[in-house]
Amino acid sequence: MQAHPCPKCNQPMDEGAISVSDQIGYLSKKQTGMLRTVTQIRQARACLNCGYVEMYIDPKELKQRIS
Ligand SMILES: [Zn+2]
């Protein structure tokens, strides 16, 4: 398994996903039009030591929306 230490405290992180009842995603400030579709958060990791959470979107998907 690939190790992804916490960028804050360097402890091992837990792999997961962001989960809410409604859709959660990333919206760039560059998305100024009427149709502002969020980019879905595909992957997340949480630090089991300090609680830091990092999230990943698909960069290709976001670039398409802001280009
Ligand atoms: Zn940490």
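Below is a short write-up of the structure. Please read these numbers as outputs of a predicted model, since none were measured by experiment.

1. Some points on the environment of Lys 8
Positionally, Lys 8 belongs in the segment before β1 (13-16). Assessed through the 12 C-beta atoms surrounding it within 10 Å, Lys 8 is described here as exposed. Sequence-wise, Lys 8 and Gly 51 are 43 residues apart; in three dimensions their C-alpha atoms are separated by 9.6 Å. Among all residues touching Lys 8, those that are not within four sequence positions of it are Cys 47, Cys 50 and Tyr 52.

2. Quick look at unusual backbone geometry
The phi dihedral of Asn 10 is positive, around 70 degrees, even though this residue is not glycine. With respect to the helices, strands and loops of the structure, Asn 10 is situated in the segment before β1.

3. Topic: the environment of Glu 54
By the element assignment, Glu 54 lies in strand β4 (residues 53-57). Classification of Glu 54 as partly exposed rests on a count of 14 C-beta atoms within 10 Å. As for Glu 54 and Ile 18, which are separated by 36 residues in sequence, their C-alpha atoms are 9.7 Å apart. For Glu 54, the contacting residues outside a window of four places in its chain are Ala 44 and Arg 45.

4. Remarks on the pairing of β4
When strand β3 (residues 39-47) meets β4, the two strands line up antiparallel, connected through five bridges. Across the sheet, Gln 43 pairs through a bridge with Tyr 56, a residue of β4. Taking the residues that link successive antiparallel strands as the turn, the β3-β4 hairpin has five residues, and the phi of Gly 51 there is positive, at about 90 degrees.

Each value, and the rule that gives it
- Residues numbered from 1 in each chain as written.
- Predicted model: local features only at pLDDT ≥ 70, side-chain atom pairs only at ≥ 80, totals over all residues.
- Helix = DSSP H or I, 4+ residues; strand = E, 2+ residues; numbered from the N terminus.
- Buried ≥ 20, exposed ≤ 12 C-beta atoms within 10 Å, placed from the backbone.
- Contact = placed C-beta atoms within 7 Å.
- Pairing = 2+ DSSP bridges.

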